[in-house]
Amino acid sequence: MRGLGLFLAKARSVFHGGWVSFLTVAFLLVASVAFGQEIITSDYRDIPWIGSRNAVWIIAQVHLLFAGFVLGVPIFSWICEVIGYKTGDQRYDKLAKEFTKLLTASFGTTAMFGGILVFLFVSLYPKFFNYLSEVFYPTYFVYVALFVVETFVLYLYWYGWDAMKSKKKLHLFLGFLLNVIGFFIMIVSDAWLSFQASPVVLAEDLKGWPRLWAAIHNPTWNPVNIHRIIGNVVFGGFVCGAYAGVKFLGAKTPEEREHYDWMGYVGNFIGIFGLLPLPFAGYWLMREIYEYNQQMGITLMGGFLSWLFILQAILIGTLFLGANYYLWQGLLNRTEGGIKYKKYITVMLVVLLACFMVWMTPHSLVASVEEARKMGGTHHPLLGVFGVMSAKLTVVNIMILTSFISFLLYWRANQEVTVSWAKGVRVVEVLLFAVVIVGVIWLGVYGYFVPAVVRVNILSVAQVLSVLFVLVTVSIMTALMLKNARMTGVMKWGNMTSSSQYALVLNAVVVVLLMTMMGYARSASRVHWHIYGVMRDNSPYAFTPALGSAATMMSISALVFGLFVVFIFWVVSLPDKKAKEEKATAEGKVLVEEGAGYFRKAAGFVGVVLVAYTAIAYSLPQTVSLPPTEEKLNVATIANEKDLVKIGSKIFYGKGQCALCHTIGGEAVGRCPNLEGAGRRLTREFIYETLTKPSAYIKLDFDQVEPKRFAAQMPTINKPPIGLSEQELLTVISFVQSQGGKVTVHPSELEMGAEAAVPAQIEPSKTGEAQSS
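Q: Explain the overall build of the protein chain here, please?
A: When its secondary structure is counted, the protein chain shows 26 helices and six strands. Buried positions account for 52% of the 773 residues belonging to the protein chain. Here the contacts in the protein chain between residues at least 6 apart in sequence split such that 82% fall between residues at least 24 apart.

Q: What should I look at first to understand helix H24 (residues 726-737) in this one?
A: Each full turn of the α-helix corresponds to 3.6 residues, which orients residues three or four apart in the same direction. Helix length check: H24 (12 residues) gives 16 Å between terminal C-alpha atoms against 16 Å at 1.5 Å per residue, within 8%. In terms of burial, H24 is largely enclosed, as 10 of its 12 residues are buried. Inspection of H24 places Glu-728, Leu-729, Leu-730, Thr-731, Val-732, Ile-733, Ser-734, Phe-735, Val-736 and Gln-737 among the buried residues, and these make up the whole buried set.

Q: Is there a simple way to think about the side chain of Ser-406 in this case?
A: With respect to the helices, strands and loops of the structure, Ser-406 is situated in helix H15 (residues 389-412). A polar side-chain atom of Ser-406 sits 2.9 Å from a polar atom in the side chain of Trp-328. Not counting the four nearest positions on each side in its chain, Ser-406 is found in contact with Asn-324, Leu-327, Trp-328 and Met-348.

Q: Any chance you could explain the packing of helix H18 (residues 498-524) against helix H20 (residues 597-619) here in plain terms?
A: Working note: a packed helix pair is described by the angle between its axes plus the distance between those axes. It is the contact of H18 with H20, at a shortest axis distance of 10 Å, that shows an interaxial angle of 40°. One way to sum up the angle between H18 and H20 is to call them oblique. Considering the relative orientation of H18 and H20, their crossing is right-handed. From H18, Tyr-502, Val-505, Leu-506, Val-509, Leu-513 and Met-517 reach across to H20, where they touch Lys-601, Ala-602, Phe-605, Val-606, Val-609, Leu-610 and Tyr-613. When grouped by side-chain class, the residues that make up the contact of H18 with H20 number 12 nonpolar, no polar and one charged.

Q: What am I meant to see in the packing of aromatic side chains here?
A: Given two aromatic rings, one states the distance between the centres and the angle between the planes to describe the pair. In the structure shown here, the tally under the stated rule is 38 aromatic pairs. Measuring from centroid to centroid gives 5.4 Å for Phe-183 and Phe-184, while their planes differ by 70°, and the two rings are edge-to-face. For Phe-184, a relative accessible area of 39% translates into the label partly exposed. Judged by centre distance (5.9 Å) and plane angle (35°), the ring pair of Phe-235 and Phe-561 falls under tilted. On the criterion of sequence distance, the pair formed by Phe-235 in helix H8 (residues 221-249) and Phe-561 in helix H19 (residues 547-586) is long-range, its members being 326 residues apart. Phe-235 gets classed as buried once you look at its relative accessible area, which sits at 1%. One aromatic cluster is present, built from ring pairs that chain together Phe-107, Phe-121, Phe-128, Phe-129, Tyr-140, Tyr-143, Phe-147 and Trp-192. If you follow Arg-53 out to its NZ or CZ, it ends over the ring of Phe-543, 4.5 Å from the centre.

Q: So what exactly am I meant to see when it comes to the pattern of salt bridges here?
A: Working definition: two side chains of opposite charge can pair if their charged atoms are close together. For the structure shown, the criterion picks out 10 salt bridges. Measuring nitrogen to oxygen at the nearest pair gives 2.6 Å for the salt bridge that ties Arg-334 to Asp-261. Note that Arg-334 is positioned in helix H12 (residues 308-334) and Asp-261 in helix H9 (residues 254-275), a separation of 73 residues in sequence. We note that Arg-334, like Asp-261, is buried. For the salt bridge of Glu-429 with Arg-412, the shortest nitrogen-to-oxygen distance reads 2.4 Å. Here the residue Glu-429 occupies a position in helix H16 (residues 422-446), and Arg-412 occupies one in helix H15, the gap between them amounting to 17 residues.

Q: Help me understand the nonpolar core, please; the structure alone is not making it clear to me.
A: Leu-95, Phe-99, Phe-136, Phe-195, Met-263 and Tyr-520 are the most contacted members of the largest nonpolar core, which totals 186 residues. In terms of nonpolar packing, the next biggest core, distinct from the first, is built from 28 residues, Ala-659, Leu-682, Met-714 and Val-743 among them.

Q: I tried to follow the environment of Ser-42 on my own but got confused; where do I start?
A: Tracing the backbone shows Ser-42 in the loop between helix H2 (36-39) and helix H3 (52-87). Overall, Ser-42 belongs to the partly exposed group, its relative accessible area being 26%. Expressed as a C-alpha distance, the spacing of Ser-42 and Tyr-125, which sit 83 residues apart in the sequence, is 8.7 Å.

Q: Would you take a moment to explain a nonpolar patch on the surface for this structure?
A: On the surface, a cluster of nonpolar side chains totalling about 660 Å² of accessible area is made up of Ile-441, Trp-442, Val-445, Tyr-446, Tyr-448 and Phe-449. As for its placement among the helices and strands, Phe-449 is situated in the loop between H16 and helix H17 (452-481). When its relative accessible area of 66% is taken as the criterion, Phe-449 is described as exposed.

Q: What is the right way to read the confidence of the model for the protein chain from this model?
A: Low pLDDT means the predicted atomic positions in that stretch should not be read closely. In this model, the protein chain carries an average pLDDT of 79, and 81% of its residues clear a pLDDT of 70 or more. Per-element confidence in the protein chain ranges from a low mean pLDDT of 44 for helix H1 (residues 2-34) to a high of 92 for helix H6 (residues 168-197). With pLDDT under 50 throughout, residues 1-23 is counted as low confidence; its partners more than four residues away or in other chains account for 22 contacts. This stretch, residues 760-773, has a pLDDT under 50; its non-local contacts, to residues over four places away or in other chains, come to 41 contacts.

Q: Any chance you could explain the environment of Val-200 here in plain terms?
A: Its location among the elements puts Val-200 in the loop between H6 and helix H7 (208-216). Each C-alpha atom, one on Val-200 and one on Asn-218, is 6.1 Å from the other, the two residues being 18 residues apart in sequence.

Q: Mind showing me how you'd approach the packing of H8 against H9 here?
A: Their axes nearest at 7 Å, the elements H8 and H9 cross at an angle of 160°. Here H8 is positioned roughly antiparallel relative to H9, judged by the angle of their axes. The interaxial crossing formed by H8 with H9 has left-handed handedness. Facing Ile-230, Val-233, Val-234, Gly-237, Phe-238, Cys-240, Gly-241, Tyr-243, Ala-244, Lys-247 and Phe-248 of H8, the residues of H9 in contact are Arg-257, Tyr-260, Asp-261, Met-263, Gly-264, Gly-267, Asn-268, Ile-270, Gly-271, Ile-272, Gly-274 and Leu-275. Here the residues of the contact of H8 with H9 sort into 13 nonpolar, seven polar and three charged.

Q: So what exactly am I meant to see when it comes to H16 here?
A: Taking 1.5 Å as the rise per residue, H16 with 25 residues should run 36 Å; its terminal C-alpha atoms sit 36 Å apart, in good agreement. Among the residues of H16, Ala-422, Val-425, Glu-429, Leu-432, Phe-433, Val-436, Val-440, Leu-443 and Gly-444 are the ones counted as buried.

Q: Would you mind showing me how to read the state of the cysteines here?
A: Note on terminology: disulfide describes a covalent bond linking the sulfur atoms of two cysteines. For the structure on display, the rule yields zero disulfides. The thiol sulfur of Cys-240 is not disulfide-bonded, and the nearest other cysteine sulfur, from Cys-80, lies at 6.7 Å.

Q: Quick question: what am I supposed to make of unusual backbone geometry here?
A: Most peptide bonds take the trans configuration, and most residues that are not glycine carry a negative phi. Despite not being glycine, Trp-49 has its phi angle at roughly 70°, a positive value. Considering the arrangement of structural elements, one finds Trp-49 in the loop between H2 and H3. Here Val-527, not a glycine, exhibits a phi torsion of approximately 45°, which is positive. Relative to the assigned elements, Val-527 resides in the loop between H18 and strand S3 (529-531).

Conventions we followed
Residues numbered from 1 in each chain as written. Predicted model: local features only at pLDDT ≥ 70, side-chain atom pairs only at ≥ 80, totals over all residues. Heavy atoms only, no water. Helix = DSSP H or I, 4+ residues; strand = E, 2+ residues; numbered from the N terminus. Buried < 20%, exposed > 50% of the residue type's maximum accessible area, 1.4 Å probe, protein only. Contact = heavy atoms within 4.5 Å. Expected span 1.5 Å × (residues − 1). Polar contact = N/O pair within 3.5 Å; in protein donor to acceptor, adjacent residues only side chain to side chain. Axes fitted to C-alpha atoms, helices over the stretch in contact; angles between N-to-C directions. Parallel < 35°, antiparallel > 145°, perpendicular 65-115°, else oblique. Left-handed = near helix turned anticlockwise from the far one by under 90°. Nonpolar A, V, L, I, M, F, W, Y, C, P; charged D, E, K, R; others polar. Phe/Tyr/Trp six-rings, centres within 6.5 Å; stacked < 30°, edge-to-face > 60°. Lys NZ or Arg CZ within 6 Å of the ring centre and 35° of its normal. Salt bridge = Lys/Arg side-chain N within 4 Å of Asp/Glu carboxyl O. Core = buried A, V, L, I, M, F, W, Y, C linked by side-chain atoms within 4.5 Å. Patch = residues over 30% accessible without salt bridge, like charges linked within 9 Å, V, L, I, M, F, W, Y side chains within 5 Å. Areas by Shrake-Rupley, 256 points an atom, 1.4 Å probe, with all protein chains shown as cover. pLDDT = per-residue confidence, 0-100. Disulfide = S-S within 2.5 Å.

The structure is reproduced here in structure tokens:
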């Protein structure tokens with residue numbers, strides 16, 4: 001009872017700060033919706049000197065970084081605690097506790113930035129926030145309820161650590177519960193985020209929970225969830241590694257060096273563990289974006305954002321090199337006879353550098369007119385072949401396999417396999433690697449000679465699945481081989497070089513920059529839309545900034561996040577410092593103070609990385625994406641049916657939002673019927689009926705074994721939020737008729753307006769095919 005009383009007393013001392021942050025966010029989130037209608041007196045407001053977009057950008061990005069931190073660290077800590085419980089190694093339990101301690105301070109900081117972000121949205125972008133609130137209002141209460149439960153579980157988990165030593169399984173269950181709640185908090189907020197990039201059309205007759213679920217379960221929701229889960233594991237691992245690296249550099253005793261060296265190894269191990277499958281999750285996300293809207297995919301990979309992925313290649317390549325370099329230093333400095341691995345390290349370094357150079361090769365080169373004339377265009381005659389996605393997907397898979405080999409060498413170091421079947425398994429593993437590497441390269445080369453849809457949907461998927469098969473199969477075989485292996489030496493902890501610790505710091509900085517970069521990519525892919533195809537950005541900041549300006553904002557966000565993390569680390573270390581002083585005084589010793597020199601060097605190194613990153617971004621082509629000028633339909637400029645079809649095409653892919661769901665031709669499976677040949681199958685009257693009364697006819701998807709409705713429901717096009725005029729409807733009808741049929745709309749009908757658009761009589765029996773979404 002006395003232990004429980006102490007536990008509750010400690011919990012009360014922290015609850016106040018946590019609840020203040022929580023209640024602030026909860027009040028702002030719910031109250032802002034309740035009073036949203038009253039505060040909307042203008043669509044946008046600005047902040048002098050700073051700018052409303054810049055303020056939201058930095059606060060939102062720092063909030064997301066802390067959200068990743070408070071979601072990633074519990075995963076990392078719980079895994080370590082489970083390992084400690086299973087193996088009996090108390091170092092893992094100590095490590096888990098050391099990082100869980102950071103959550104109590106980080107939790108409040110995350111809530112603080114979340115509260116500021118809500119305030120900025122409500123005050124600076126009231127119309128946008130009100131629209132999201134109308135769609136997702138019920139989820140706000142779910143989010144708040146989850147936040148309440150997570151607060152209780154977090155403090156029970158942290159302050160119950162020592163009190164529950166005799167009930168370790170209960171404590172592990174609390175850690176598991178904390179991660180489950182964090183997962184649900186993440187997927188709720190991911191719904192708000194992903195809906196902005198891939199909104200579904202919400203029909204007026206769709207109400208209640210079906211409407212809410214349709215908005216939540218948008219095309220990119222699941223890929224974003226998976227990508228963020230894996231990314232949070234990588235984030236938590238590498239942040240732990242950076243913390244250990246800095247502490248290692250400042251360690252004064254051999255015991256401290258050994259402890260932080262081991263901690264850095266664990267952090268780097270978990271970071272690499274998540275890094276290997278992360279590109280696959282990113283590939284899935286990009287594939288879903290392409291399937292949702294090809295124009296958005298083209299904007300990301302082939303439009304003004306294409307150079308962003310060269311910058312991404314530099315960061316991810318640096319991350320692979322940094323993680324592998326740390327593993328190689330461990331092989332050389334921690335293991336017995338580590339020099340024998342040097343020849344393998346040299347080969348792997350050459351492979352990684354070669355793949356790195358291919359990955360960062362642009363498709364089009366920045367060249368003068370004279371240089372382009374000599375090359376025969378903007379594509380280099382030799383290097384141009386490395387700039388396409390087929391080559392890049394191939395080298396990414398080879399980099400993953402090479403990093404996995406580095407991990408296997410470290411895993412098997414100082415161990416001698418004793419099972420009789422080990423030789424046969426090694427042969428199988430070598431054959432697997434050889435076959436898959438050759439297969440990945442062959443599929444990559446073959447990708448040059450097939451259509452893009454085959455390369456994306458078949459060849460790249462085969463590459464991914466084959467590499468995943470090797471990772472899983474070889475891991476299982478190696479674990480079984482090493483189960484009863486004989487140790488031939490011990491790991492010599494504390495012998496790592498200073499450069500290896502800076503590699504740990506570099507990895508963490510690169511992960512933070514990658515997270516800020518992908519935040520920019522997701523936002524910029526929407527171009528001039530707050531919600532893609534639904535709510536246009538009409539603010540003065542509707543343009544998408546160039547890479548250099550964007551990189552500056554990313555570096556500022558990373559710097560702000562880093563400063564707060566350092567402050568949190570310092571605050572939570574104060575009790576330990578006091579305990580050390582008291583222990584030294586009791587033993588009559590003089591406590592040696594840690595100098596600040598190592599910290600200044602680490603901080604300077606981080607500053608150099610951020611400056612270098614920004615400078616590289618400015619060295620790339622700088623393209624600002626300006627929003628298109630809204631053109632009013634000018635009937636006087638329409639002379640013939642060809643002009644009608646051209647304008648109808650613009651409305652179909654723009655204001656009408658038709659391409660959000662419908663496809664025309666190709667092999668892509670849309671969320672509504674494919675309109676290829678629709679003009680040949682459908683009458684003009686029927687097309688008008690489906691646009692203005694979409695629920696009158698329901699077309700089923702007969703490509704399935706059992707016919708079913710299509711994923712999306714057709715909205716009423718001539719009513720808000722789309723609200724096409726009758727003249728615009730006529731141009732869309734002409735465009736649909738042009739898909740294999742004869743255009744029957746005449747330009748003179750546009751002057752008649754509604755009288756021409758509304759058919760006198762509709763004869764469904766003559767339509768030939770029911771068409772709706």
